[in-house]
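As a plain string of letters, each chain reads:
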Amino acid sequence: MKGLKKQIDKIKPNFEEGGKLSKLHSVFDGFYTFLFTPNETSKSGVHIHDSNDSKRAMITVVIALLPCCLFGMWNIGLQHFMAVGDPSRNFFSLFFYGFFAVLPMILTSYIVGLGIEFIVAQIRGHEIQEGFLVSGLIIPMICPVDTPCWMLAVAVAFAVIFAKEIFGGTGYNFLNVALVTRAFLFFSYPSKMSGDSVFVSLGGQPAVDGFSGATPLGQVASSGITQVTDTLGNVLSNTDIFLGLYPGSWGETSTLCILIGLAYLLLTGVGNWRIVLSGVLGGLAMALVAYNWQTPLYPCTYLNPLTQISLGGFMFAIVFMATDPVTACRTHIGQYIYGALIGIIAILIRCYNAGYPEGAMLAVLLMNCFAPLIDYCVVNLNIRKRMRRMTVRNF
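Computed from a prediction, not measured in an experiment: that's the story for all the values here.

Asks: What is the right way to read the packing of aromatic side chains from this model?
Replies: Here the distance between the centres and the angle between the planes together describe a pair of aromatic rings. Under the counting rule described, the total for this entry stands at 18 aromatic pairs. With a centroid separation of 5.7 Å and 45° between ring planes, the pair formed by F71 and W74 is classed as tilted. Highlighted residues: F71 and W74, both in helix α3 (residues 54-83), separated by 3 residues, approximately one helical turn. Measuring from ring centre to ring centre gives 6.4 Å for F96 and F99, while their planes differ by 80°; the resulting arrangement is edge-to-face. Highlighted residues: F96 and F99, both in helix α4 (residues 91-124), separated by 3 residues, approximately one helical turn. Judged by relative accessible area, F96 falls into the partly exposed class, the value being 39%. Among the aromatic residues, those joined into a cluster by ring pairs are F91, F92, F95, F96, F99 and F100.

The structure is reproduced here in structure tokens:
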């Protein structure tokens, strides 16, 4: 790496101000800072330096996503070969089938998203931020494996331009970019994202008799069944649900892998335990209310609270998207309120809106809009409390 750095340092002056390639300074700086930690320090003023910069934080989240990503690839292969009647394949056959199925999605997400960010940064003369390193991986993970790449490219371009760059780029967006991408796909191409469409890539092969490509939540909402089943109609055990052995958006089904990623985020100090804790408790509370007032009109109310939070994208949204530091609340009390409302609204939508059996996306996006208001109310409440204390002391 030292040799590579020396070679890059030799051509670096060409991209500085006055160099013949100075117009590409932002692009060069983006690649340079991605490969190496900058060693420049401020030349004036007093600054406090923290080793946990944005690049380190983003890479930490990417590492935390890897268990879900790798399991999702294997699960794609498992669901595929179950659907075509050949479930006896070995681990590597299942994994590499899923790997090559999702690789075009991951490449499309990064190429389109980073391409737009590079172009905008170059036009503005700004540094290229690392935020899309996380969004670029989350986006394909929360989409069905059979989502066409052209469709994904359009959605990513829309989200990066209209939910991020138009507001000033990384740190200025008030909506989660990955969820805006999914929302664009859901409302523009509902047959691909509704949850009752094919969420298993068959690769052109015929499915076995009794096959259903709907997600478990989609089956419950559309057919009125009160038990969660896999693609072949077999009832899923609590262990199967916890491990994520069912079809869905490929990166968000395994609660076990999500918890492993959460543990890593908390150990490294990057994760926000307040939002996660309050989000899970809010979801459990709403699920318990729905479970105690079951009705055939809303079949999802028959699911017990633990099944509710383990199925679909609830836990993934709480851990990896609700905790986005840019779009979430900043005050501690606000984070508790923000997380609890996300959990409550997600289960509320899931149970009482049969047309949309997965409510986590809309819950997080809705609370993204209210996060500044929650912080504003919390801060002003603290100010009023302090003013009353000062008034009492003066008298």
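Asks: Explanation requested: the pattern of salt bridges in the structure shown.
Replies: A side chain with one charge can pair with a side chain of the opposite charge if their charged atoms come near. Within the structure shown, the criterion is met by 2 salt bridges. When the shortest N-O distance is used, the salt bridge between E117 and K164 registers 2.5 Å. Separated by 47 residues along the polypeptide, E117 in helix α4 and K164 in the loop between α6 (149-163) and α7 (177-188) bring together distant segments of the chain. Judged by its relative accessible area of 4%, K164 falls in the buried class. Ionic pairing is found between R182 and E252, a salt bridge with its closest N-O pair at 3.4 Å.

Asks: Mind showing me how you'd approach the nonpolar core here?
Replies: A general tendency of soluble globular proteins is for nonpolar side chains to be buried together. Of all hydrophobic cores here, the largest spans 93 residues; its most connected members are L65, I138, W250, F316, F320 and Y338. Broken down by element, this core gets its largest block of residues, 15 residues, from α3. Contact partners of F316, with chain neighbours within four places excluded, come to L65, C68, I138, M141, I142, G251, E252, I258 and M321.

Asks: What am I meant to see in a positive patch on the surface here?
Replies: A cluster of basic residues, R384, K385, R386, R388 and R389, forms a positive patch at the surface. Locating K385 in the fold gives a position in helix α16 (residues 360-394). Among the residues examined, K385 registers a relative accessible area of 36% and is labelled partly exposed.

Asks: Is there a simple way to think about the environment of Q308 in this case?
Replies: Relative to the helices and strands, Q308 is located in helix α13 (residues 305-310). Judged by relative accessible area, which is 0%, Q308 ranks as buried. Note: C-alpha distance between Q308 and A287 (21 residues apart in sequence) is 6.7 Å. Contact partners of Q308, with chain neighbours within four places excluded, come to A287, C300, L303, F314, I347, R350 and C351.

Asks: I'm lost on the environment of V235 in this one. Help?
Replies: Secondary-structure assignment places V235 in the loop between α9 (216-223) and α10 (238-243). Residue V235 is classed as partly exposed on the basis of its relative accessible area of 49%. Between the C-alpha atoms of V235 and P216, which are 19 residues apart in sequence, the distance is 9.9 Å. Aside from chain neighbours lying at most four places away, what touches V235 is Q227, V228 and T229.

Asks: Would you take a moment to explain the packing of α4 against helix α5 (residues 132-141) for this structure?
Replies: Each packed pair of helices is defined by two parameters, the angle between the axes and the distance between the axes. Packing of α4 against α5 leaves a shortest axis separation of 8 Å and a crossing angle of 145°. The chirality of how α4 crosses α5 is right-handed. On the side of α4, the interface is formed by M105, I106, S109, Y110, G113, L114 and E117, while α5 contributes F132, L133, S135, G136, L137, I139 and P140.

Asks: What exactly am I supposed to notice about a nonpolar patch on the surface here?
Replies: Together, L266, W273, L277, L281, I333, Y336, I337, L341 and I344 make up an exposed nonpolar region whose accessible area comes to about 750 Å². At 5 residues, the largest contribution of residues to the nonpolar patch is made by helix α15 (residues 332-352). With respect to the helices, strands and loops of the structure, L266 is situated in helix α11 (residues 255-267). Take L266: its relative accessible area is 37%, and that puts it in the partly exposed class.

Cut-off values and rules
- Residues numbered from 1 in each chain as written.
- Predicted model: local features only at pLDDT ≥ 70, side-chain atom pairs only at ≥ 80, totals over all residues.
- Heavy atoms only, no water.
- Phe/Tyr/Trp six-rings, centres within 6.5 Å; stacked < 30°, edge-to-face > 60°.
- Helix = DSSP H or I, 4+ residues; strand = E, 2+ residues; numbered from the N terminus.
- Buried < 20%, exposed > 50% of the residue type's maximum accessible area, 1.4 Å probe, protein only.
- Salt bridge = Lys/Arg side-chain N within 4 Å of Asp/Glu carboxyl O.
- Core = buried A, V, L, I, M, F, W, Y, C linked by side-chain atoms within 4.5 Å.
- Contact = heavy atoms within 4.5 Å.
- Patch = residues over 30% accessible without salt bridge, like charges linked within 9 Å, V, L, I, M, F, W, Y side chains within 5 Å.
- Areas by Shrake-Rupley, 256 points an atom, 1.4 Å probe, with all protein chains shown as cover.
- Lys, Arg positive; Asp, Glu negative; His and termini not counted.
- Charge placed at Lys NZ, Arg CZ, Asp CG, Glu CD.
- Axes fitted to C-alpha atoms, helices over the stretch in contact; angles between N-to-C directions.
- Left-handed = near helix turned anticlockwise from the far one by under 90°.

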